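Structural description and commentary
Now for the letters of each chain:
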Amino acid sequence: MPSHVTHLGLSGRLIGFVNAVEPATTAAVDTAPRLPYHALIWLAVALFSTGIDGYVLAGLLPSIASDLRVSDAAAGQLVSVFALTSALAAPLLGTVTSAWERRRTIACALVVFVAGNVITAAAPSYGFAMAGRVIAALGGCLLAAAISGYVLHLAPVHQRGRALSFVLGGWMTATALGVPVGLVLGQSNWRLPLIMVAVVGTIALVGIVLKLPRLELPSGTLAERLRPLRKPRLVVTLLVSTGILCASYTCFTYAVLILKPSFPAHWMIILIMFGYGLASLLGNSLTGRLADRFTPVRVLTVVLIGLLLNSIFGAIVFATASAGVITALALVWFFAAGVGNGGAAVPQQARLAAMVPESAAIVLALNGSAISLGSASGGGLGGAVLTAGGSPPRLLIAASVVLVLTLGLHSVISMTSRRSYHSN
């Protein structure tokens, strides 16, 4: 299960690394006396809205499926199509808009994101809902990249970490607070959380237009953005991100179906989702500290092994334990998955940035696409398992297989990196 804040956000330690390899582009940025928090707050509000959107539908699948007259697996594809669209569109949209003034880019992306959520909320059929998710994804993927780039270039070098932490705090707040609120609203009608997202996004849009300073940046080509993909070792490392998110979303997209037999009351699911968000934040904080003390590769190795063992543990519990035991151990599995998935992002991003320090910002953007691709493939894999007749707990077996393959890729890259280091 994912923690979007940790996938798109950087811990203070990782941001510090990016600061070192990505110098400010203008003297005006370097000499800026202090951060314009009165403007940055609106970027945080925008990410708050996208954070809710990224989580809340997965907690409402049964209601969505019933209202739109589709299967639970088909309803889950509303989550997957958002992620797949983001993965494919992000590099292209980033290139097309690279010559635009940054405030304009952020505002336009937010308008599209809000429109997509309104379309989904008003959708009379599954097809309209799917179209709304695609439109929302087009705006959301551009918005996330544009905000990160804006903050990195607006803030002085020595304050970039503080600025990103402040803005990305909006996503953290959505994970821990916004999603439970959305799920509460969704118990009466699954469309209400999307309306809430649109309202919050509109409020952010007004603040951005009125308060955000203009910022011009050099444009870039698609070839420049994709140039790091010429390095096979980097591509395989990006696939590790894809594998982690694939395993995560295979279960998270259908977490309500997995947990519902043990926790039938709606308020139980809401509390569990709230706990998952807190567990993800804990994992992010722990690995941020550990990556300072140990190497990112070593920390990521421990996290991947932990995720695999936890997935196997969960599969065994659901297959063999009695109902009373499952109720207790299901929470152990779910919250441990939150810690692991929340903790994987920091060491993985630090490792990627270190591999190509001269193109760290571009590589981290590509990692965002790899993450979205994993989210989409995980939702699709989970839907395929359910459509084939597998019970929801069987999804943990599928996730375990994906984690075995991911751990294998991670091991290959780690060994080749050590050989390259010793040969030099």
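Look up: the structure comes first, before these words.
Values in this document were obtained by computation on a predicted structure and should not be read as measured data.

1. Details of the overall build of the chain
A tally of helices and strands in the chain yields 18 helices and zero strands. Here the chain has roughly 16,800 Å² of accessible surface; of this, 70% comes from carbon and sulfur atoms.

2. Observations regarding the environment of E224
Mapping E224 onto the fold places it in helix α11 (residues 222-226). What makes E224 partly exposed here is its relative accessible area of 35%. Note: C-alpha distance between E224 and I362 (138 residues apart in sequence) is 8.6 Å.

3. Some points on the packing of aromatic side chains
Counted under the stated rule, the structure contains six aromatic pairs. With 5.6 Å between their ring centres and 35° between their planes, F252 and Y276 make a pair best called tilted. Of this pair, F252 sits in helix α12 (residues 232-252) while Y276 sits in helix α14 (residues 266-293), and the two are 24 residues apart along the sequence. Both residues of the pair, F252 and Y276, count as buried. On the numbers, 5.7 Å between centres and 45° between planes, the contact of W333 with F334 is tilted. The same class applies to W333 as to F334, namely buried. Joined through ring pairs, the aromatic side chains of Y249, F252, Y276, F318, W333, F334 and F335 make up one cluster. R104 extends its terminal NZ or CZ atom over the ring of W100, reaching a point 4.4 Å from the ring centre.

4. Remarks on unusual backbone geometry
With phi around 60°, R69 is a residue other than glycine that occupies positive phi space. Inspection of the secondary structure assignment puts R69 in the loop between α5 (61-68) and α6 (72-96). Judged by its relative accessible area of 73%, R69 is exposed.

5. Brief notes about the side chain of S49
Tracing the backbone through its elements, the reader meets S49 in helix α4 (residues 37-56). Owing to a relative accessible area of 0%, S49 belongs among the buried residues under this scheme. Discounting chain neighbours no more than four positions away, the residues touching S49 are F113, V197, V200 and G201.

6. Some details on the pattern of salt bridges
One pass over the structure, following the stated rule, counts three salt bridges. Residue R191 pairs with D67 through a salt bridge whose shortest N-O separation is 2.8 Å. Within this pair, whereas R191 is found in the loop between α9 (160-186) and α10 (192-211), its partner D67 is found in helix α5, the two being separated by 124 residues in sequence. Put simply, R214 and E101 hold a salt bridge, and the shortest N to O gap is 3.8 Å. Of this pair, R214 sits in the loop between α10 and α11 while E101 sits in the loop between α6 and α7 (102-121); the two residues are 113 residues apart in sequence, bridging distant segments of the chain.

Thresholds, definitions, all that
Residues numbered from 1 in each chain as written. Predicted model: local features only at pLDDT ≥ 70, side-chain atom pairs only at ≥ 80, totals over all residues. Heavy atoms only, no water. Helix = DSSP H or I, 4+ residues; strand = E, 2+ residues; numbered from the N terminus. Areas by Shrake-Rupley, 256 points an atom, 1.4 Å probe, with all protein chains shown as cover. Buried < 20%, exposed > 50% of the residue type's maximum accessible area, 1.4 Å probe, protein only. Phe/Tyr/Trp six-rings, centres within 6.5 Å; stacked < 30°, edge-to-face > 60°. Lys NZ or Arg CZ within 6 Å of the ring centre and 35° of its normal. Contact = heavy atoms within 4.5 Å. Salt bridge = Lys/Arg side-chain N within 4 Å of Asp/Glu carboxyl O.

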